[in-house]
Amino acid sequence: MISGEPAPAGLVCRDLVVAPGGRVVLRRLALQIPAGTRTVVVGPSGAGKTTLLRAIAGLERPLEGEIWLRGRRLDTVAAHRRRVAVVFQEPRLLPHLDVVDNVAFGLRAAGVPRPARRAQALALLDEVGLAGLAGRRVDGLSGGEQQRVALARALCVKPDLLLLDEPLASVDPNRREGLRHLLVELQQARALTTLLITHDQSEAAQLGERVALLLEGTIVQHDTPRALFERPASAAVARFFGTRNLLRGQVRGGRLPLDAGWIDAPGPDGEATLAIRPERVRLDPDGPLRLRVVAASYAGTHVRLDLHGHGLTLEAHVPPAAAPRVGELVGVTLPRADLWRLPDPGSQAAERDLAERSTAGPADVPAEPAPLP
Amino acid sequence: MTIPTKRPRLPPAALHRSDRPAVRRLPIAVMLAPAVIALVLLFGGGLAGAVRQSLHPTIDGAGPLDLSAWTAVLGDPTFADALWFSLRTALAATGLSAAAAVAIAVALRRQAALPRFLVALPVPVPHLLVATVAVAWLGPGGLAERALGALPIQLVRDRAGLGIVLVYLYKETPFLVLLLLASMGAELTRREEAAAVLGATGWQRLRWVVWPTIRAPLATGSLIVAAFVLGAFEVPMAVGPSYPPTLATYAAEQPQLDLVAGQAKAAAALLVAAAASIALAAAAVRLSRDRAPCLSVAGLALCLRPVGLSTVGAGA
Amino acid sequence: MTATALAALFAAPLAVLPVQAVADAWRAPALLPQRLGARGLHAAITGQAGSALGNSLAVAAATTALALLLGWPAARALGGRRLRCLTPVLVLLAMPLLVPAYATGTGLAEWFVRLGLSGGRLGLVLAHLTVVLPYVVLILATGFGERLQELEEMARTVGLGTPRRLALVTLPTVRPTLAAAGLLGFLVSWSQYGLSLAVGSGLPMLPLVLLPFIRSDPQIAAALALLFLAPALATLAIAARASRHQR
């Protein structure tokens, strides 16, 4: 799926097969991360995200495949020599050392003398905003503070690659914003190649310059966050990012006939699956479709409607003020511009498309305007 | 906009907490009473009886308080030898067991449950049984001597007390291994992984991550073992030398040696051993309390020498 | 690999016992017995040795039962974490285990003579209780943790009264810990030497009978040792099955 040459300064995983505890989790996984960028690997629990992180860090040995970093082969090297730093889901600090000694641990292992490593550690504690906590014992700190110490500890060794496993998971929801900003700031200041893992798709979108979706052991799409939400490569990708509205049929002459009516459809004639985000489904009394509201639930920022009719099921998110009542018959428009035609699986065009996107540079802003719901 | 929903009907049993009368629980004192009273009476009575005996050096234990038994014992060179011998043996047994336990625990820490279970095999075996086997193998005319021709050093009933040390080494090392393994759980593995990724080699991880984790339980466990070996009784009788005796063996000899004050002297000697054991145990408790302010009952149960099972705590 | 080596290292020496027990004649320097016979086994189950076996069994069983009875409420209190000052209780439980048992026994001996308990099984049960009770309480307490409390609360909300709750929820949950505490208590009493010597005033108990034979007659000693080993082996077998069940 990816062309052969390893990116000179970034991370390249090729044909990775990893089977922790005997069960194959990663199946010929391929991933490329350009140097200095921030990529988020997202996916449901059990998909293999943590396994991927552990394989890159050296805590799990792959059965097959290669891992390259900055032109060096990584998977044949022991974990402690890989120059990869990890911030785990739990802080994993050493309780018998104080905060500064924890941060300086990597330097101590490298043989840096005490005054020098303490100075570097203190500087990093300052950067993560914990300057006053230098001499404190670790178990008195809050979860968020401990995670910052873990982050400082990882950065202190000046790694070539930074891996983070659900870094915001153990932090209070109202403190996540602060830690998220800190992560982005620190990464950008160092132009550090960074790979983050999360199962939350909106967190992925906020944290990553690119996002890779890991499903059932392989990367199914690696793109800008926007593309994953609005231009998913498959039905599975669409579902993960919140699009359950999938319409199948034969497009003829720019239109897709449905039992409930016909709609304008993009793309050439032929078999097609169209996806549309629930926020883009428009209630329109003059719309071509007539559907009944079967369920409605208030979700704070919007009302979620389940619309049924003529064998069709659609999910729509509408502003609360404009929400119809359950049982009402409503007109629905699916604007052509908001319909995304899923690429045919296995089609050459789709593969080329994805390949191009995966090796592309940092995010480029798409041309279409995106009306917010 | 109204969303019609059906209000769920609660089953009658699930009443709100505040509607029920407060659950009447027995006061803690009542619950502890049977065990506490039994122990205070029996153990306290035992200690008190020993003290009383030591202060009445007469055949029937009557008469005024008399410290002569104490002075006799404390001045007895045999007692001094016995005290020194007991301390030496305890130190040697504890030191060797601790070293062996660390090596085994570090080697076993990532293994599955089966190896740990196998290591625990000696734990329920009675000490006297180990002594019997030791004599069969290592004694004069024993199997080791027959197989090798002659043993380079005397291992059983030797003046250095090697036989005693070996028996306790066999029995106490698994106990210490189990104690250490209990503290080397998943959390330690996670920390070791973090250290490895930060660049620490295997040896550095042992020194800076594993050792700080096990040194506290090791110290506590070692003090417990030392306290226990100090009071050694049947093992020295089986595999120990006739001279010097251990404190307990010395005490057992006294009633025959001195028909009048023998019982009192025995009691005095035993109280010295008891005091030494208590002092060591107090040090152990102080040590473990520093590390863990809320002593887990399970942890202490393991700490206090389960003669049995690695499935202890299965119900916790 | 290390594991099997360790296991062999620890278990193999015991293999000499069965051989020695049936060796009517086994003179040096032979590595195998010259003549096999049942003399050792016969001596081990008749006469004084036989009654020692019976006494040890009876005393251990009775002590364990009594310890479980007395220790159950204390274990509940400890396990339920209802105590704020845990230390004095733990100290009281720990002391009898660390102070030499012979010391405790010597002190008790006099009282027991006065009470007429000396040389009888009841006296031995009470004496053994000093070391068995702490172990039983500590082990049992581990089974009365939060999980059991949650289950009992659930049972209460569903409407079960105390006796039914005990039968349907508490006992089944606590059963493995109860078994562990019982087996352990039994072993502690079974192996006990110092207390039996001090308080028993000659009443034959298995370890007391065994010791002199170690020097005087290895064959009988080995036979007795095998009997002595039996409960430990049973315990290991039970523990093995229990941990296999758990997986």
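About the cut-offs
- Residues numbered from 1 in each chain as written.
- Chains lettered and ligands numbered in written order.
- Predicted model: local features only at pLDDT ≥ 70, side-chain atom pairs only at ≥ 80, totals over all residues.
- Helix = DSSP H or I, 4+ residues; strand = E, 2+ residues; numbered from the N terminus.
- Buried ≥ 20, exposed ≤ 12 C-beta atoms within 10 Å, placed from the backbone.
- Contact = placed C-beta atoms within 7 Å.
- Expected span 1.5 Å × (residues − 1).
- Bend = angle between axes of the 7 residues up to and from the residue.
- Pairing = 2+ DSSP bridges.
- Axes fitted to C-alpha atoms, helices over the stretch in contact; angles between N-to-C directions.
- Nonpolar A, V, L, I, M, F, W, Y, C, P; charged D, E, K, R; others polar.
- Core = buried A, V, L, I, M, F, W, Y, C linked by C-beta atoms within 7 Å.
- Domains from an automatic or database assignment.
- Parallel < 35°, antiparallel > 145°, perpendicular 65-115°, else oblique.
- Left-handed = near helix turned anticlockwise from the far one by under 90°.
- pLDDT = per-residue confidence, 0-100.

**As for the overall build of chain B**
Part 1 of the reasoning: Within chain B one finds 13 helices and zero strands.
Part 2 of the reasoning: Ordered by position from the N terminus, the helices and strands of chain B form the series α-α-α-α-α-α-α-α-α-α-α-α-α.
Part 3 of the reasoning: In chain B, which comprises 316 residues, the proportion classed as buried is 53%.
Part 4 of the reasoning: By sequence separation, contacts in chain B at least 24 residues apart represent 72% of the contacts at least 6 residues apart.

**Notes on the overall build of chain C**
Part 1 of the reasoning: If you tally the helices and strands in chain C, you get 12 helices and two strands.
Part 2 of the reasoning: The helix and strand sequence of chain C, counted from the amino end, reads α-α-β-β-α-α-α-α-α-α-α-α-α-α.
Part 3 of the reasoning: Each principal axis of the C-alpha atoms in chain C carries an extent, and together these give about 70 × 55 × 30 Å.
Part 4 of the reasoning: Pairs at least 24 apart in sequence give 74% of the contacts found in chain C among residues at least 6 apart.

**Some points on the interface of chain B and chain C**
Part 1 of the reasoning: With 83 residues of chain B at the contact, the number on the chain C side is 88 residues.
Part 2 of the reasoning: For the side of chain B that touches chain C, the leading source of residues is helix H1 (residues 28–54) of chain B, giving 17 residues.

**A closer look at helix H4 (residues 47–79) of chain C**
For an α-helix, the turn length of 3.6 residues means that residues three or four places apart are oriented alike.
All names here are of chain C.
Part 1 of the reasoning: An ideal rise of 1.5 Å per residue puts 48 Å on 33 residues; H4 measures up with 45 Å between its terminal C-alpha atoms.
Part 2 of the reasoning: Where H4 bends most, the angle comes to about 45°, and this point is Gly71, followed within four residues by the proline Pro73.
Part 3 of the reasoning: Residue Arg81 follows H4 closely and has a positive phi angle near 55°.

**With respect to the sheet that holds strand E10 (residues 218–223) of chain A**
Residues and elements named next belong to chain A.
Part 1 of the reasoning: As summarised here, the arrangement of the six strands in space is E6-E7-E8-E3-E9-E10, forming an open sheet in which the pairing is mixed. With partners counted over all chains shown, the strands left at the sheet margins are strand E6 (84–87) and E10, one partner each. The mean angle between the axes of side-by-side strands here comes to 20°, regardless of whether they run parallel or antiparallel.
Part 2 of the reasoning: Here E6 pairs with strand E7 (residues 161–165) via four bridges, running parallel. Of the residues in E7, the one forming a bridge with Ala85 is Leu162.
Part 3 of the reasoning: Each of strand E3 (38–42), E6, E7, strand E8 (193–198) and strand E9 (210–215) touches helix H1 (residues 49–57); the most contacted strand, E7, lies at about 150° to it.

**Observations concerning unusual backbone geometry**
Part 1 of the reasoning: The amide bond that connects B:Tyr243 to the next residue, B:Pro244, takes the cis arrangement and shows omega of -5°.
Part 2 of the reasoning: Counting through the fold element by element, B:Pro244 comes out in the loop between helix H10 (234–239) and helix H11 (247–257).
Part 3 of the reasoning: With a phi close to 55°, A:Arg83 is a non-glycine residue in the positive phi region.
Part 4 of the reasoning: Positionally, A:Arg83 belongs in the loop between strand E5 (72–73) and E6.

**Concerning the interface of chain B and chain A**
Part 1 of the reasoning: Across the contact, 17 residues belong to chain B and 23 residues belong to chain A.
Part 2 of the reasoning: Going through the elements one at a time, helix H8 (186–197) and helix H9 (202–230) of chain B are the ones with two or more residues in the side of chain B that touches chain A.
Part 3 of the reasoning: Of the residues belonging to the side of chain B that touches chain A, the class tally is 11 nonpolar, three polar and three charged.

**So, the environment of A:Leu186**
All names here are of chain A.
Part 1 of the reasoning: Mapping Leu186 onto the fold places it in helix H6 (residues 173–190).
Part 2 of the reasoning: When the 19 C-beta atoms within 10 Å are taken as the criterion, Leu186 is described as partly exposed.
Part 3 of the reasoning: It is 8.4 Å that separates the C-alpha atoms of Leu186 and Val128, two residues lying 58 residues apart in sequence.
Part 4 of the reasoning: Excluding anything up to four places from it in sequence, Leu186 contacts Glu127 and Leu155.

**Examining helix H9 (residues 162–191) of chain C**
Part 1 of the reasoning: Compared with an ideal rise of 1.5 Å per residue, which puts 30 residues at 44 Å, H9(C) spans 37 Å between its outermost C-alpha atoms and falls more than 12% short.
Part 2 of the reasoning: If you look at H9(C), its biggest bend is around 55°, right at C:Arg175, and the proline C:Pro176 turns up within four residues after that.

**Some points on the pairing of strand E19 (residues 329–333) of chain A**
Residues and elements named next belong to chain A.
Part 1 of the reasoning: Judged by which residues are buried, E19 turns out to be one-sided: Val330 and Val332 face inward and are buried, whereas Leu329, Gly331 and Thr333, on the alternate face, are not.
Part 2 of the reasoning: For strand E15 (residues 282–283) and E19, the ladder comprises two bridges, and the chain directions are antiparallel. Across the sheet, the residue bridging to Arg282 is Thr333, located in E19.
Part 3 of the reasoning: In terms of strand pairing, strand E16 (residues 289–298) meets E19 through four bridges, oriented antiparallel. Across the sheet, the residue bridging to Leu289 is Val332, located in E19.

**Structural notes on the nonpolar core**
Where a protein is soluble and globular, its nonpolar side chains tend to be buried together.
Part 1 of the reasoning: In this structure, B:Ala269, B:Leu270, C:Val137, C:Leu210 and C:Leu224 are the most contacted members of the largest nonpolar core, which totals 284 residues.
Part 2 of the reasoning: Here this core gathers at least three residues from each of two domains, domain 1 (30–50 + 77–230) and domain 2 (242–342) of chain A.
Part 3 of the reasoning: Setting aside residues no more than four positions away along its own chain, C:Leu210 makes contact with B:Leu128, C:Ala221, C:Leu224, C:Ala225 and C:Phe228.

**Quick word on the packing of H4(C) against helix H7 (residues 121–141) of chain C**
Residue and element names in this part refer to chain C.
Part 1 of the reasoning: Here H4 crosses H7 at 40°, and the two axes come no closer than 6 Å. It follows from the interaxial angle that H4 and H7 lie oblique. In this structure, H4 meets H7 at a crossing whose hand is right-handed.
Part 2 of the reasoning: For the contact of H4 with H7, a count of residues per class yields 20 nonpolar, six polar and one charged.

**Section: the sheet that holds strand E18 (residues 312–318) of chain A**
Residues and elements named next belong to chain A.
Part 1 of the reasoning: Ordered in space as E15-E19-E16-E17-E18, the five strands form an open sheet in which the pairing is antiparallel. Strand pairing shows two members of the sheet lacking a second neighbour, E15 and E18, which therefore form its edges.
Part 2 of the reasoning: With six bridges joining them, E16 and strand E17 (residues 303–309) adopt antiparallel strand pairing. Residue pairing for E17: Ala296 is matched across the bridge by Leu305.

**As for the confidence of the model for chain B**
All names here are of chain B.
Part 1 of the reasoning: Per-residue confidence for chain B gives a mean pLDDT of 80, with 82% of residues at or over 70.
Part 2 of the reasoning: Element-level mean pLDDT values for chain B span from 45 in helix H13 (residues 297–303) up to 94 in H8.
Part 3 of the reasoning: Predicted confidence is poor over residues 1–5, with pLDDT under 50, and the contacts of this stretch with residues over four places away or in other chains come to seven contacts.
Part 4 of the reasoning: For the stretch residues 13–22, pLDDT sits under 50, and the model shows five contacts to residues farther than four places along the chain or on other chains.

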